[in-house]
Amino acid sequence: MTFRATPEPPHRHRPRWRHDLVAWWSRRQGHAPPGNSGSPAADAHAAGAPETTAPEATTLWRMRTTVRDEPGTLAALCAALARHQVDILALQTHPLTDGTVDEFLLRAPEALPSDGLTDAAAAAGGRDTWVERADTHDLVDAPTRALTLATRTALDAAELPLALRQLFGRCTIHSVPAKSLSGRSLDSTPPAEGVLEETVMRLRDPSGGAIIIERPYLPFTPTEFARARALVELDARLGPRIPHDGDVLTLPEGNAITVRRADSGDLAPAREMHARCSPTTLALRYHGPVGDADRYLAHLLSPRFGRTLAAYTASGRLVALGHLLWDGDETELALIVEDEWQRRGVGGELLRRLVAMAAETGCGCVYAVTQSANTGMVAAMRALELPLDYQIEQGTLVISARLDPAPAPEPALPLPVPPHAR
């Protein structure tokens, strides 16, 4: 079933009962039991005796279930969770034409398995229930997360695919160009309003072509589709942009180079560097006919497909390029250094910075595709001092490095969310 985006319908009045119910739920959770329980333990606690029972271990879960959009459905769901001592930390609702998708962040007893949450939702009338482990990074509330991702996208066009991936969790992002490397037009550009097809979104890329988001294990809701369109529209309004701040480094031999982000504005210097490179260097980098090397540059320098670092000499000559390329849900490293500047530390510096960028985005692994004869690339990867895996097939070498992703920022707001914010 395919949904095509249309102007948002007039907001349908929703009764106050949902908000009142969540407030009632928050008041019930996390407080001491009534003083008339009559149990000795409760009386001792009320008298100020020290607590002797350690708090029960808990687990964070994300749960999404579909219910009928009518009074009492959310109340039944909350009551079913309460019977299992489950605390609701955050709640979002996604209206559908035939119901409502309720998305929860839950704190449940550690002994309660995911099947217990699914069964509780089903007993309360929930259907198409999905449950997944959460972590402390999910404690950031939805508006804060959206604003953070919008800020990152506004500062750097290369952040858009990453922001979309973080917005929707485990998903695959594909950027499909409008034209092939040979210049042939591809039938891949979706309509301006985009297309939603259950587990696939197709959005028009402001730089041309399409952005395709796939999440096979969980269908997208119209609300999520609207969020994705808003991020893409922000990118389109701001136009091409990357941070151009550079670092001046002194090589062991004393020469100074400037390392900075590159984009399509560096296309002419990159072509000039290609002209100075030997056929062997170009073949080791591009694994194909040397005459085709220039055809890849416009694609590689586009911020939409990844991030590029350039190394310039003091005289303004481009001598090396390093690429971090988004490859679906994986990340590729690529490197080319002009012959005269090889074995002088330039490639290793670019590679270290690219790996640091990958870790900042949360990547757990990066890989480089080269030839087994490219001893310079092999040495540079080994110098990273990371766990490496090697795969060789017909002279093609794939080196994978496992990363420790940089820690995500701490939650900006304390949780549980206060009742008025639910």
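Not measured: the values here are computed from a predicted model. (Residues numbered from 1 in each chain as written. Predicted model: local features only at pLDDT ≥ 70, side-chain atom pairs only at ≥ 80, totals over all residues. Heavy atoms only, no water.)

Looking at the overall build of the chain
- Looking only at helices and strands, the chain features 12 helices and 17 strands.
- Across the 422 residues of the chain, 43% fall into the buried class.
- By element, 54% of the accessible surface of the chain is carried by carbon and sulfur atoms, the whole surface being about 21,800 Å². (Helix = DSSP H or I, 4+ residues; strand = E, 2+ residues; numbered from the N terminus. Buried < 20%, exposed > 50% of the residue type's maximum accessible area, 1.4 Å probe, protein only. Areas by Shrake-Rupley, 256 points an atom, 1.4 Å probe, with all protein chains shown as cover.)

A short note on the environment of Leu309
- Here Leu309 shows up in strand E12 (residues 306–313).
- The exposure class assigned to Leu309 is buried, which follows from its relative accessible area of 4%.
- Here the alpha-carbon distance between Leu309 and Leu350, two residues 41 residues apart in the chain, equals 6.8 Å.

With respect to the sheet that holds E12
- Taken together, the eight strands give an open sheet; going across it, the order is E10-E11-E12-E13-E14-E15-E17-E16, and neighbouring strands pair in mixed fashion. Every other strand in the sheet has two partners, leaving strand E10 (247–250) and strand E16 (388–393) as the edge strands with one partner each. Direction aside, the axes of adjacent strands within the sheet are offset by 20 degrees on average.
- The pairing of strand E11 (residues 256–262) with E12 spans six bridges and is antiparallel. Paired with Arg260 across the bridge in E12 is Ala310.
- In the packing of helix H11 (residues 346–360) onto the sheet, the strands contacted are E10, E11, E12, strand E13 (318–327), strand E14 (330–337) and strand E15 (365–371), and the crossing angle to E13 comes to about 25 degrees.
- Contacting E14, E15, E16 and strand E17 (396–402), helix H12 (residues 375–382) runs over the sheet at an angle of about 10 degrees to E17. (Pairing = 2+ DSSP bridges. Axes fitted to C-alpha atoms, helices over the stretch in contact; angles between N-to-C directions. Contact = heavy atoms within 4.5 Å.)

Digging into H12
- Residues of H12 that are buried: Met377, Val378, Ala380 and Met381. The buried residues of H12 occupy one face: seen down the axis, they fall within an arc of 165 degrees.
- Residues of H12 that are buried make contact with E14, H11, E15, E16 and E17. (Arc of directions from axis to C-beta.)

Side note on the pattern of salt bridges
- Following the criterion strictly, the structure yields 24 salt bridges and no others.
- Arg402 is paired through a salt bridge with Asp389; the nearest N and O atoms lie 2.9 Å apart. Linking Arg402 in strand E17 with Asp389 in strand E16, this pair joins segments that are 13 residues apart in sequence.
- Three or more residues are tied together by salt bridges with common partners; here these are Arg62, Arg64, Glu103, Glu132, Arg170, Arg215 and Glu224. (Salt bridge = Lys/Arg side-chain N within 4 Å of Asp/Glu carboxyl O.)

A few points about the side chain of Thr66
- Here Thr66 lies in strand E2 (residues 58–67).
- Residue class for Thr66 comes out buried when judged on its relative accessible area of 6%.
- Here Thr66 is in contact with Leu96, Thr100, Val101, Gly125, Gly126, Arg127 and Asp128, once residues within four sequence places are set aside.

Concerning the sheet that holds E2
- Pairing in this open sheet of four strands is antiparallel, and the strands run E3-E4-E2-E5 from one edge to the other. Each edge of the open sheet carries a strand with a single partner, namely strand E3 (87–96) and strand E5 (127–133). Ignoring which end each strand starts from, the neighbouring axes of this sheet average 15 degrees apart.
- Most of the contacts of helix H7 (residues 222–238) go to E3, to which it runs at about 85 degrees, and overall it touches E2 and E3.

Some details on the confidence of the model for the chain
- Mean pLDDT over the chain: 80, with 79% of residues reaching 70 or higher.
- Taken as a whole, residues 1–47 scores under 50 in pLDDT and shows 60 contacts with residues more than four places along the chain or in a different chain.
- Scored below 50 in pLDDT, residues 407–422 shows 26 contacts in the model against residues more than four places distant or in partner chains. (pLDDT = per-residue confidence, 0-100.)

Some details on helix H4 (residues 114–123)
- Every buried residue of H4 is listed here: Gly116, Leu117, Ala120 and Ala121. Along the long axis of H4, the arc covered by the buried residues comes to 135 degrees, so they all point the same way. Of the exposed residues in H4, those oriented more than 90 degrees away from the buried face are Asp115, Asp119 and Ala123.
- Buried residues along H4 sit in contact with E2, helix H3 (73–82), strand E4 (99–109) and E5.
- Where H4 terminates, the next one or two residues include Gly125, which has phi positive at roughly 95 degrees.

Overview of the packing of helix H8 (residues 267–276) against helix H10 (residues 293–300)
- Between H8 and H10, whose axes approach to 10 Å, the crossing angle comes to 150 degrees. Classified by the angle between their axes, H8 and H10 sit roughly antiparallel to one another. In this structure, H8 crosses over H10, and the sense of that crossing is right-handed. Note on element contacts: H10 touches H8 through Ala293, Asp294, Leu297 and Ala298, opposite Leu267, Ala270, Arg271 and His274. (Parallel < 35°, antiparallel > 145°, perpendicular 65-115°, else oblique. Left-handed = near helix turned anticlockwise from the far one by under 90°.)

Observations regarding the nonpolar core
- Ile257, Leu333 and Met381 are the most contacted members of the largest nonpolar core, which has 35 residues in total.
- Those elements that provide at least two residues to this core are E11, E12, E13, E14, H11, E15, H12 and E17.
- By residue number, the principal contributor to this core is H11, which donates seven residues.
- If you look at the next biggest cluster of nonpolar residues, it comprises 20 residues, including Leu81, Leu106, Leu117 and Ala121. (Core = buried A, V, L, I, M, F, W, Y, C linked by side-chain atoms within 4.5 Å.)

Description of the environment of Ala256
- Note that Ala256 resides in strand E11.
- A sequence separation of 55 residues divides Ala256 from Ala311, and the C-alpha atoms of the two residues are 10.0 Å apart.
- Beyond its immediate chain neighbours, meaning those up to four positions away, Ala256 contacts Val248, Leu249, Thr250, Tyr312, Thr313 and Ala314.

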